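Given next are the chains, with one letter for each unit.
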Amino acid sequence: MANEVCFRTLDLPNPASLETYRSIGGYETLKRIVTEKVPATEIINQVKISGLRGRGGAGFPTGLKWSFMPRYYDGEKYLVCNSDEGEPGTFKDRDIIRYNPHQVIEGMAIAAYTMGVRTGYNYIHGEIWAEYQIFERALEEARAAGFLGENLFGTNFSFNLFAHHGYGAYICGEETALIESIEGKKGQPRFKPPFPASYGVFGKPTNVNNTESYASIPYIMQHGGQAFQDLGVPNSGGTKIFSVSGHVEKPGNFEIGMGTPFPDLLALAGGVWKGRKLKAVIPGGSSTAVVPADMMMQCTMDYDSISKVGKSSLGAGSVIVMDESTDMVKALSRLSYFYYEESCGQCTPCREGTGWLWRVVRRIAEGKGRPEDLELLTDVSNNISGRTICALGDAAATPVISFIKHFRPEFEYYIEHGRSMLAA
Amino acid sequence: MLSQDSTAQIDKELAKYPADQRRAAVMSALRIVQAEQGWLSKEAIADVANYLGIPEIAALEVATFYNMYELEPVGKYKLTVCTNISCLLRDSQEIVEHLESCLGVHCGETTADGKFTLREGECMGACGGAPLLHINNTDMHEFLTPEKIDALLAGLK
Ligand SMILES: Cc1cc2nc3c(=O)[nH]c(=O)nc-3n(C[C@H](O)[C@H](O)[C@H](O)COP(=O)(O)O)c2cc1C
Ligand code: FES
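In this text the structure is predicted, and so the values were computed from the model without any measurement.

Asker: Account for the packing of helix α6 (residues 101-115) of chain A against helix α9 (residues 211-223) of chain A, with residues named and values stated.
Answerer: Residues and elements named next belong to chain A. Following both chains from N to C, one finds α6 and α9 inclined at 75°, their axes separated by 7 Å at the closest point. Taken together, α6 and α9 sit at an angle that is classed as roughly perpendicular. Each of Gln-103, Val-104, Glu-106, Gly-107, Met-108, Ile-110 and Ala-111 in α6 lies in contact with α9, whose residues at this interface are Thr-211, Tyr-214, Ala-215, Ile-217, Pro-218 and Met-221. Here the contact of α6 with α9 is built from residues that sort into nine nonpolar, three polar and one charged.

Asker: Could you give an account of the site of ligand 1, naming the residues involved and the relevant values?
Answerer: Residues and elements named next belong to chain A. Near ligand 1, the surroundings consist of 18 residues, among which Gly-56, Lys-65, Asn-209, Asn-210 and Ser-213 are the closest. Within the backbone of Gly-56, one N or O atom sits 2.7 Å away from an oxygen atom of ligand 1. Take Lys-65: an N or O atom from its side chain is 2.9 Å from an oxygen atom of ligand 1. In isolation ligand 1 offers 600 Å² of accessible surface; the protein chains occlude 89% of this area. Among the elements that make up the shell around ligand 1, the one with the highest residue count is strand β4 (residues 206-210) (three residues). Of the residues belonging to the shell around ligand 1, the class tally is four nonpolar, eight polar and six charged.

Asker: Please provide a residue-by-residue account of the sheet that holds strand β3 (residues 160-165) of chain A, values included.
Answerer: All names here are of chain A. Pairing is parallel in the open sheet, where four strands are placed in the order β3-β2-β1-β4. Edge strands, defined here as strands with exactly one partner in the open sheet, are β3 and β4. Within the sheet, the average angular offset between the axes of one strand and its neighbour, ignoring direction, is 20°. Note that strand β1 (residues 78-83) and strand β2 (residues 119-124) share six bridges and pair parallel. When the bridges of β2 are listed, Leu-79 appears paired with Gly-120. The strands touched by helix α7 (residues 129-144) within the sheet are β2 and β3, with β3 carrying the most contacts at an inclination of about 165°. Across the sheet, α9 is in contact with β1 and β4; its angle to β4 comes to roughly 90°.

Asker: So, the pairing of β2(A): which residues are in play, and what are the values?
Answerer: Residue and element names in this part refer to chain A. In terms of burial, β2 is largely enclosed, as six of its six residues are buried. Of the two faces of β2, both are covered, the one formed by Thr-119, Tyr-121 and Tyr-123 as well as the one formed by Gly-120, Asn-122 and Ile-124. Judged from the six bridges that link them, β2 and β3 form a sheet pairing that is parallel. Bridge assignment links Tyr-123 to a residue of β3, and that residue is His-164. One crossover worth recording links β2 to the parallel β3 by way of α7, and it is right-handed.

Asker: Mind laying out the environment of Gln37(B), listing which residues take part and the relevant values?
Answerer: All names here are of chain B. Summarising the element assignment, Gln-37 is placed in helix α2 (residues 26-37). Sequence separation between Gln-37 and Met-1 is 36 residues, and the spatial gap between their C-alpha atoms is 11 Å. Excluding anything up to four places from it in sequence, Gln-37 contacts Met-1 and Ala-44.

Asker: Which residues make up the domain arrangement of chain B, and what values do they have?
Answerer: The domain architecture assigned to chain B consists of domain 1 (4-65) and domain 2 (77-156). For domain 1 of chain B and domain 2 of chain B, the distance between their C-alpha centres works out to 28 Å.

Asker: Help me get a handle on the interface of chain B and chain A, residues and values and all.
Answerer: Often, the extent of an interface is quoted as the loss of accessible area on bringing the components together. On the side of chain A, 57 residues touch chain B, which itself brings 39 residues to the contact. Interface area, chain B with chain A, both sides summed: about 4,000 Å², of which 59% is carbon and sulfur. As a salt-bridge pair, Arg334(A) and Glu122(B) come within 3.1 Å of each other at their nearest N and O atoms. Counting across the chain B and chain A interface gives 24 residue pairs in polar contact (both at pLDDT 80 or more). Residue assignment for the side of chain B that touches chain A shows that the elements contributing at least two residues are α2, α4 (56-65) and α5 (85-89) of chain B. Residue classes in the side of chain B that touches chain A are distributed as 19 nonpolar, twelve polar and eight charged.

Asker: Help me get a handle on the sheet that holds strand β5 (residues 239-246) of chain A, residues and values and all.
Answerer: Residues and elements named next belong to chain A. The sheet built from five strands is open, its strands ordered β6-β5-β11-β8-β9 with mixed pairing. For this open sheet the edge positions go to β6 (252-257) and β9 (291-292), each flanked by a neighbour on one side alone. Relative to β6, β5 is paired through six bridges, and the arrangement is antiparallel. Note that in β6 the partner of Ser-243 across the bridge is Asn-253.

Asker: Got a sec to walk through the environment of Pro234(A)? Specific residues and values, please.
Answerer: Residue and element names in this part refer to chain A. On the secondary structure map, Pro-234 appears in the loop between α10 (225-231) and β5. Overall, the relative accessible area of 69% leaves Pro-234 in the exposed class. Along the sequence, Pro-234 and Asn-207 sit 27 residues apart, while their C-alpha atoms lie 26 Å from each other. Discounting chain neighbours no more than four positions away, the residues touching Pro-234 are Gln-229 and Asp-304.

Asker: I'd like a description of the packing of helix α14 (residues 328-342) of chain A against helix α15 (residues 348-365) of chain A, backed by residues and values.
Answerer: Residues and elements named next belong to chain A. At a closest axis distance of 8 Å, the pairing of α14 and α15 adopts a crossing angle of 155°. For the element pair α14 / α15, the angle class is roughly antiparallel. By crossing handedness, the relation of α14 to α15 is classed as left-handed. Two secondary-structure elements touch here, α14 through Val-329, Lys-330, Leu-332, Ser-333, Ser-336, Tyr-337, Tyr-339 and Tyr-340 and α15 through Thr-354, Gly-355, Leu-357, Trp-358, Val-361, Arg-362, Ile-364 and Ala-365. Each residue belonging to the contact of α14 with α15 can be placed in one class, and the counts come to ten nonpolar, four polar and two charged.

Asker: Now, about the UniProt feature "binding site: [2Fe-2S] cluster" (unreviewed entry) in chain B: what can you tell me, with residues and values included?
Answerer: The UniProt feature table records "binding site: [2Fe-2S] cluster" (unreviewed entry) at Cys82(B), Cys87(B), Cys123(B) and Cys127(B). For this annotated set, covering 46 residues, all C-alpha atoms fall within 8.9 Å of each other, a compact arrangement in space. Along the chain, the position of Cys87(B) falls in helix α5. The contacts of Cys87(B), once residues within four sequence positions are left out, are Cys82(B), Ser92(B), Ala130(B), Pro131(B) and Leu132(B). Taking relative accessible area as the criterion, Cys123(B) reaches 5% and is therefore assigned buried. Once you skip the residues sitting within four places of it in the chain, Cys123(B) turns out to touch Gly86(A), Glu87(A), Pro88(A), Gly89(A), His125(A), Cys82(B) and Asn84(B).

Conventions adopted
Residues numbered from 1 in each chain as written. Chains lettered and ligands numbered in written order. Predicted model: local features only at pLDDT ≥ 70, side-chain atom pairs only at ≥ 80, totals over all residues. Heavy atoms only, no water. Axes fitted to C-alpha atoms, helices over the stretch in contact; angles between N-to-C directions. Helix = DSSP H or I, 4+ residues; strand = E, 2+ residues; numbered from the N terminus. Parallel < 35°, antiparallel > 145°, perpendicular 65-115°, else oblique. Contact = heavy atoms within 4.5 Å. Nonpolar A, V, L, I, M, F, W, Y, C, P; charged D, E, K, R; others polar. Near = heavy atom within 4 Å. Polar contact = N/O pair within 3.5 Å; in protein donor to acceptor, adjacent residues only side chain to side chain. Areas by Shrake-Rupley, 256 points an atom, 1.4 Å probe, with all protein chains shown as cover. Pairing = 2+ DSSP bridges. Buried < 20%, exposed > 50% of the residue type's maximum accessible area, 1.4 Å probe, protein only. Right-handed = clockwise from strand over helix to strand, strands pointing away. Domains from an automatic or database assignment. Buried area = accessible area lost by both parts, 1.4 Å probe. Salt bridge = Lys/Arg side-chain N within 4 Å of Asp/Glu carboxyl O. Left-handed = near helix turned anticlockwise from the far one by under 90°. UniProt positions renumbered as here; feature names shortened; annotations may be inferred.

Take a look at the structure:
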């Protein structure tokens, strides 16, 4: 079965409308929780049992994160949804918002109830204007229907939710940069600690989760944590939306159980296009290590397998497929430019290092590589990793290290002959 | 001076944040003003700052940090083609080259008649629809081919 959780409305007419969402029992779970005053500890317990891990890329257990929010804090607290999806290869949150925005709202409202929060923001990626408008409309519908606002369902629980539109900065996907951005500042990540749970939006305790994480909550609280866990495998509970892009016949989003063998996912996406052979896959978005075809075909789509068998990460489930014709040096050159362009400039190793990486990979791709360049790239990468405030530096280093590790002869050929070995 | 229409829209954005956090609306305020005026002049940025009651430098900082703000005049239609990895794998280069030859400009340039500006962009979070482009930060066009580009350009008057 596919599309069981976040994409429940996908095949219905007007999937994004409140009417459609209510026809599948939407907002009933919120209503039950709020009116029956289900204890927060019970909700957090179900989320823990569900095995839900943050879908934004880091895979942190959601139930555990929720338990970090101070329960008896006297003052404003905030709830933030991260829909700033800008990691190359990732396009699932856009479809959740486009086709099922109310499930994000209901999930956030349940989270707000659980953590005692009255105000929330959904930070939406700048480039998806149509989806921003869809979400604004959904918010209006939910307010008019009494699912957002003051004293919901006649209780003393109030929750107000707003959309905040980004304007083109990958770094704002990082949660503390995103918080700065909500405050109307440059998106530069903050030092941690303090973590958002103690010092977040406007300096108040804040919980940040990804769109898909929140959208999974109504299912978990309707069917129970165990039912969600059972859709996946141990240590990777539930379903996951995999965004498949690149060299496949049918690119798109596929919401399937965690633990699905990669060859099955590839088949869902129509297989490698043009009858070509698979060369490599980036399994979790551009910041995760590239995996050669033979290793990838052995993987199942869950955190443990991608990490142990694929030596990479599941990330945000953004599967970038590359066929045998792919020039790995050119591909890496484009990725390295991206990190250079998007580094916020705050930390020297990242600001300078990403520039170095890009210039050296580019000169190899232009046929002007030097024999010592691969050494230099490894060196620069190692000098970025772990030395920056946020993980963008590591994200820039990982592709460089993994591309060279798995496709070294292609790089060496470029350096020696000034052109690609694929043309030879 | 900000138009009444702009300030009405900015007021709606301000209502999303606590009354003492007017700065939080600066991103949307700049977007609203840019949509009306085409780009953000120094005066426009100062107007936004004044309206929100924040230092000009705070608004300028935001305008320079985020990629989708324009600090110089652009063409009536700004076409931004994503050339990041998933789009690259599906021949975004061919789309860029076709646009460059149709418009007679390179990426980063504006046509002499001021009608089109061509840009390369970063991932738009829509990689399943690659190759793709954006018009004026809002209209996404996916699964592009040279033929579709021709039809698209013909429709932009
Ligand atoms: C450079 C960078 C970019 C990120 N981009 C995103 C993003 O687009 N969406 C997202 O949900 N998380 C992103 N993250 C992860 C967030 O910092 C954060 O861990 C996440 O939103 C938490 O939600 P989750 O626990 O539900 O995954 C990014 C992190 C880094 C370092
Ligand atoms: S790579 Fe082009 S939209 Fe993501």
